[in-house]
Amino acid sequence: MKVVHTIEELRDQLRGQMRVAFVPTMGNLHSAHLALMKMARQHGDPVVASIFVNRLQFGQGEDFDKYPRTLQQDIDKLEQARDVYVLFAPDDKEMYPEPQNYQIQPPSDLGGILEGEFRPGFFTGVCTVVMKLFACVQPKVAVFGKKDYQQLMVIRNMCRQLQLPVEILAHETVRDEDGLALSSRNRYLSAEERKEASLIYRLLVQAREQILEGKKTIAQVEQWGFKTLSDRGWKVDYFSVRRQKDLLIPDAPKLETEPLIILVAASLGETRLIDNLEV
Ligand code: PAF
């Protein structure tokens, strides 16, 4: 695997490559990232991964400074898995040599709800860096995980609206044995919090059952999820049932035919976790 830190070196490595499959990450790689890279390998060649902790997508008071930066360990994992041909690991100066005055702001009906409501500016930061990374890598396909479901939709919409020639592929959420979705932020959890954290997935599964049974309204399911977490000391941002196609609130008469998704964001102590489950 070649490790490059500048856009120039990256372009040198990829000259003439028309079928690049790309996996952008913020590093601190775990098996969910490695699964994305395996999937990328099935859809293009060569596979390029990036590791860049993108300052633009972190709000004031968020964990930009303490976000785990583990480049050498990440390189070792990638070398072992042997799916990636080039790793692009730029620093801040390489990606943002001057103030980033041109930014990509997603529409508020998709980028301003759920995560966008609780993390203002987050999707603008994500879209801007993904757009820049796409300009550097020029991939044919790019792979994102469904754990960040709204991010996946925002990026798909951005590519469609801006006519970017990149196919966006989605990988299923990778979970630990107890159901907790793998995330770099799980490492912030204390041992006790880690045990409690799997509650999110159990509640998502139960909420899905409640929706399928049809005995509770959507609002009742949402309140139940919200209250169950709050009662156990979680700080809940949302426990929300939405339409899969656009993340808007579902129409009551169409509930039986509409593919739905349950999305949750909640903090346990200092650690904010998100997850979702398709219905
Ligand atoms: O999902 C992530 O890790 C980040 O949001 C991404 C897509 C790499 C952009 O910084």
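Conventions used here
- Residues numbered from 1 in each chain as written.
- Predicted model: local features only at pLDDT ≥ 70, side-chain atom pairs only at ≥ 80, totals over all residues.
- Heavy atoms only, no water.
- Axes fitted to C-alpha atoms, helices over the stretch in contact; angles between N-to-C directions.
- Helix = DSSP H or I, 4+ residues; strand = E, 2+ residues; numbered from the N terminus.
- Parallel < 35°, antiparallel > 145°, perpendicular 65-115°, else oblique.
- Left-handed = near helix turned anticlockwise from the far one by under 90°.
- Contact = heavy atoms within 4.5 Å.
- Near = heavy atom within 4 Å.
- Polar contact = N/O pair within 3.5 Å; in protein donor to acceptor, adjacent residues only side chain to side chain.
- Areas by Shrake-Rupley, 256 points an atom, 1.4 Å probe, with all protein chains shown as cover.
- Nonpolar A, V, L, I, M, F, W, Y, C, P; charged D, E, K, R; others polar.
- 1 Å grid on protein atoms, 1.4 Å probe; cavity = no way out; pocket = protein on both sides within 12 Å on 5 of 7 lines; lining within 4 Å.
- Points joined across faces, edges and corners; volume = space filled by probe spheres on them.
- Buried < 20%, exposed > 50% of the residue type's maximum accessible area, 1.4 Å probe, protein only.
- Pairing = 2+ DSSP bridges.

### Quick notes on the packing of helix H7 (residues 122-137) against helix H8 (residues 149-161)
Logical step 1: Packing of H7 against H8 brings their axes to within 10 Å, and their N-to-C directions diverge by 55 degrees. In terms of orientation, H7 and H8 fall into the oblique class. As H7 packs across H8, the resulting crossing turns out to be right-handed. For the pair formed by H7 and H8, the contact residues are Phe122, Phe123, Val126, Cys127, Val130, Met131 and Phe134 on the first element and Gln150, Gln151, Val154, Ile155, Met158 and Cys159 on the second.

### Regarding the site of the ligand
Logical step 1: In the region of the ligand, the neighbouring residues are Pro24, Thr25, Met26, Asn54, Gln57, Val126, Val129, Phe144 and Gln151.
Logical step 2: One nitrogen or oxygen atom from the side chain of Gln57 is found 2.7 Å from an oxygen atom belonging to the ligand.
Logical step 3: Within the side chain of Gln151, an N or O atom sits 2.7 Å from an oxygen atom of the ligand.
Logical step 4: In isolation the ligand has 290 Å² of accessible area, and contact with the protein removes 87% of it.
Logical step 5: Taken together, the elements giving at least two residues each to the shell around the ligand come down to strand S2 (21-25) and H7.
Logical step 6: In terms of residue class, the shell around the ligand is built from five nonpolar, four polar and no charged.

### Quick look at empty space enclosed by the protein
Logical step 1: The tally for this structure, following the rule as stated, stands at one cavity of 30 Å³ or more.
Logical step 2: Space inside the largest cavity adds up to approximately 80 Å³.
Logical step 3: Along its surface, the largest cavity is lined by 14 residues, and Glu115, Lys147, Tyr149, Gln150 and Ile274 are the ones closest to its centre.
Logical step 4: Listed by contribution, the elements that provide at least two residues to the lining of the largest cavity are H7, H8, strand S8 (260-268) and strand S9 (271-278).
Logical step 5: Residues belonging to the lining of the largest cavity are distributed by class as follows: seven nonpolar, three polar and four charged.

### Description of unusual backbone geometry
Logical step 1: Backbone torsion omega between Asp45 and Pro46 reads 5 degrees, so that peptide bond is classified as cis.
Logical step 2: Looking at where Pro46 falls in the secondary structure, it is placed in the loop between helix H2 (31-43) and strand S3 (47-51).
Logical step 3: Here Asn28, not a glycine, exhibits a phi torsion of approximately 50 degrees, which is positive.
Logical step 4: Take Asn28: it is sitting in the loop between S2 and H2.
Logical step 5: In this structure, Leu114 is a non-glycine residue whose phi angle is positive, near 50 degrees.
Logical step 6: With respect to the element layout, Leu114 can be found in the loop between helix H5 (108-111) and helix H6 (115-118).
Logical step 7: Assessed through its relative accessible area of 3%, Leu114 is described here as buried.

### Comments concerning the sheet that holds strand S5 (residues 141-145)
Logical step 1: Strand order in the open sheet formed by six strands is S1-S4-S3-S2-S5-S6, with parallel pairing between adjacent strands. The open sheet is flanked by strand S1 (2-4) and strand S6 (167-171), the only strands paired with a single partner. With direction set aside, neighbouring strand axes in the sheet form an average angle of 25 degrees.
Logical step 2: Relative to S6, S5 runs parallel, the two being bridged by five bridges. Looking at S6, one finds that Val143 is bridged to Leu169.
Logical step 3: Where helix H1 (residues 7-14) meets the sheet, its contacts fall on S1, S3 and strand S4 (86-88), and the angle it forms with S4 comes to roughly 160 degrees.

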